[in-house]
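So the chains spell out like this:
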Amino acid sequence: MNVTPESEIKARIERFQSSLQAKEMPGAIILLNSDLFYFTGTVQNSVLYIPASGEPLLMVKKSVSRAQQESPLKNIIPIKSPKEIAGIIAEASGTSPVKLGLELDVMPVNLYNTYKKIFPNAEFSDISPAVKEVRAVKSIYEIGLIRQALGVIDKAFSAIPSFLREGMLEIELAACFEAEMRKRGYSSCCKMRAFNQDFFFGNLCTGSSGAFPSFFDGPVGGMGVSLSQPQGAGWKKINRNEVVYVDYTCVIDGYTGDQTRIFCIGELSPRLVKAYEDALLIEAETIKAMKPGTPAEEPYLLAVKLAEELGYKDSFMGYKDDQVKFIGHGIGLELDEWPIMAKGLVAPIMPGMTFALEPKFVFPEGAIGIENSYVMTEKGPESLSITPTTITYLK
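Small disclaimer: the values here were computed from a predicted structure and weren't measured.

### Here's the deal with the overall build of the protein chain
Along the protein chain, the regular secondary structure elements total 10 helices and 19 strands. In summary, the protein chain has a C-alpha radius of gyration of 22 Å against a globular reference of 21 Å for 395 residues, a match within 12%. For the protein chain, buried positions account for 54% of its 395 residues. Sequence separation of 24 or more characterises 66% of the internal contacts of the protein chain that already satisfy a separation of 6 or more. Just so you have it, the protein chain exposes about 17300 Å², and 55% of that area is on carbon and sulfur atoms. Between the centroid of the 40 positive side chains of the protein chain and the centroid of its 47 negative side chains there is a distance of 3 Å.

And the structure:
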């Protein structure tokens, strides 16, 4: 297993501490696993305190030994109860914090109330925007992990023709595809920060099942195998001459690549072929228009304009009432990182930001489109995906 380099952890903490200092925030408590891993290199039952200056303090309930093996942090200590946290921080810093940052975008109210009791004299502020901002710009090391993830997903996509057969169930195809990634190191479920946006490995739909909407905030739903998780591959048989839509993530050492490719046993209808060609066109034109500093909403506005001009007003990014209002999203330790390319979000897309761009169409007979992962460079977006974008036809 790869250990996050100490230089990576140190640089991340220093960037975050600069943000704390700019906000005149003496320190922040980090609890979410994604953020814990980002700042410590380990995911244990723990509480991380990052002061505005000086060494962070990782207080671990379980497992202390593993945290010490995996994290380069100097101060890793055991605790038995959250009640110990205030005293430990006061002893380490010489004073009790009067201001504390918390990840209030994800913190449950009951847990927040617990921390109010632990720190009765402290004023709490939401530090999650600062965390997201620091995490949005990836290092060379992080971009390398995303490249590895996309290398794995490329091999899985390349294997599909060896097991895709007429009459097999969607869930069977999904299982075969997922096995190709698992045996190459798919390390965990794909994490999302948004509340109740549960997500497994990815989404596989064939024919009309691609038109089934779902709760998931994405353009394509799918029937799923259960009403408790009504999304993705289901019990439908795969037929000839229908679209096989495969949209999957791959997570390597925590970092996510995201990609969609299209397959078909037989031939697709001229409408679906034209829609796929237009999705490629929208992707190309959108990427061409992006440069460092481009406001995050501009790719979305351009993509919508192009889709409407091409006659897809009711089918772009979902079907009619079930359309979603974005064209791309940040990727990293979570699938919904910054930048989110949607109307009204004007934060600039800066070098080092990694994102997936996914122009897609949904029709009653199926879903079709493209998705690739990119990194913004000083010269513009660079594709991290390596799988050919042509539709793969099987006889």
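### Side note on the environment of Val134
With respect to the helices and strands, the residue Val134 is situated in helix 6 (residues 128-136). The exposure class assigned to Val134 is buried, which follows from its relative accessible area of 7%. Each C-alpha atom of the pair Val134 and Glu14 lies 9.9 Å from the other, and the pair is 120 residues apart in sequence. In this structure Val134 touches Arg12, Arg15, Phe16 and Tyr38, once residues within four positions along its chain are discounted.

### A closer look at the pattern of salt bridges
The final tally for this structure, using the stated rule, is 24 salt bridges. Between Glu358 and Lys360 there is a salt bridge whose closest N-O contact spans 2.8 Å. For the residue pair Glu358 and Lys360, the accessibility class agrees, reading buried in each case. Salt bridges sharing common partners tie together Asp35, Asp105, Lys132, Arg135, Lys138, Arg193, Glu334 and Glu337.

### Notes on helix 4 (residues 85-93)
Inspection of helix 4 places Ile85, Ala86, Ile88, Ile89 and Ala90 among the buried residues, and these make up the whole buried set. Residues of helix 4 that are buried make contact with strand 1 (27-30), strand 2 (45-51), strand 3 (57-62), strand 4 (76-78) and helix 5 (109-118). Backbone geometry just downstream of helix 4 places Gly94 in the positive-phi region, at approximately 85 degrees.

### Brief notes about the sheet that holds strand 19 (residues 392-394)
In space, the 4 strands of this open sheet follow the order 7-8-9-19, with mixed pairing throughout. Of all strands in the sheet, those bounded by a partner on one side alone are strand 7 (202-206) and strand 19. Geometrically, the sheet is characterised by an average inter-axis angle of 25 degrees between neighbouring strands, direction not taken into account. With 3 bridges connecting them, strand 9 (residues 255-265) and strand 19 associate as parallel partners. When the sheet's bridge partners are listed, Phe263 is paired in strand 19 with Thr392. Strands in contact with helix 7 (residues 140-163) are strand 8 (243-252), strand 9 and strand 19; relative to strand 9, the strand with the most contacts, it is inclined by about 20 degrees.

### Considering the packing of helix 7 against helix 8 (residues 170-182)
Contact pair helix 7 / helix 8: the axes reach a minimum separation of 8 Å and the direction vectors enclose 140 degrees. Comparing the axis directions of helix 7 and helix 8 gives the class oblique. At the point where helix 7 passes helix 8, the crossing takes the right-handed sense. Counted together, Val152, Ile153, Ala156, Phe157, Ala159, Ile160 and Phe163 of helix 7 and Leu173, Cys176, Phe177, Glu180 and Met181 of helix 8 form the full contact between these two elements. The residue inventory of the contact of helix 7 with helix 8, partitioned by class, reads 11 nonpolar, no polar and 1 charged.

### Description of the side chain of Glu334
Structurally, Glu334 can be placed in the loop between strand 11 (328-330) and strand 12 (337-341). With a relative accessible area of 3%, Glu334 lands in the buried category. At a separation of 3.2 Å, a polar atom in the side chain of Glu334 contacts the side chain of Arg135. Here the side chain of Glu334 touches Arg193 through a polar contact of 3.5 Å, side chain to side chain. The contact partners of Glu334, leaving out residues within four places of it in the chain, are Leu32, Ser34, Arg135, Lys191 and Arg193.

### Observations regarding the packing of aromatic side chains
Taken as a whole and assessed by the stated rule, the structure comprises 13 aromatic pairs. A ring pair is formed by Tyr186 and Phe201, whose centres lie 4.2 Å apart and whose planes are at 25 degrees; its orientation type is stacked. Here Phe201 lies in the loop between helix 8 and strand 7 and Tyr186 lies in the loop between helix 8 and strand 7, a separation of 15 residues in the sequence. Using a relative accessible area of 8% as the deciding quantity, one classes Phe201 as buried.

Analysis parameters
- Residues numbered from 1 in each chain as written.
- Predicted model: local features only at pLDDT ≥ 70, side-chain atom pairs only at ≥ 80, totals over all residues.
- Heavy atoms only, no water.
- Helix = DSSP H or I, 4+ residues; strand = E, 2+ residues; numbered from the N terminus.
- Rg over C-alpha atoms; globule rule 2.2 N^0.38 Å.
- Buried < 20%, exposed > 50% of the residue type's maximum accessible area, 1.4 Å probe, protein only.
- Contact = heavy atoms within 4.5 Å.
- Areas by Shrake-Rupley, 256 points an atom, 1.4 Å probe, with all protein chains shown as cover.
- Lys, Arg positive; Asp, Glu negative; His and termini not counted.
- Charge placed at Lys NZ, Arg CZ, Asp CG, Glu CD.
- Salt bridge = Lys/Arg side-chain N within 4 Å of Asp/Glu carboxyl O.
- Pairing = 2+ DSSP bridges.
- Axes fitted to C-alpha atoms, helices over the stretch in contact; angles between N-to-C directions.
- Parallel < 35°, antiparallel > 145°, perpendicular 65-115°, else oblique.
- Left-handed = near helix turned anticlockwise from the far one by under 90°.
- Nonpolar A, V, L, I, M, F, W, Y, C, P; charged D, E, K, R; others polar.
- Polar contact = N/O pair within 3.5 Å; in protein donor to acceptor, adjacent residues only side chain to side chain.
- Phe/Tyr/Trp six-rings, centres within 6.5 Å; stacked < 30°, edge-to-face > 60°.

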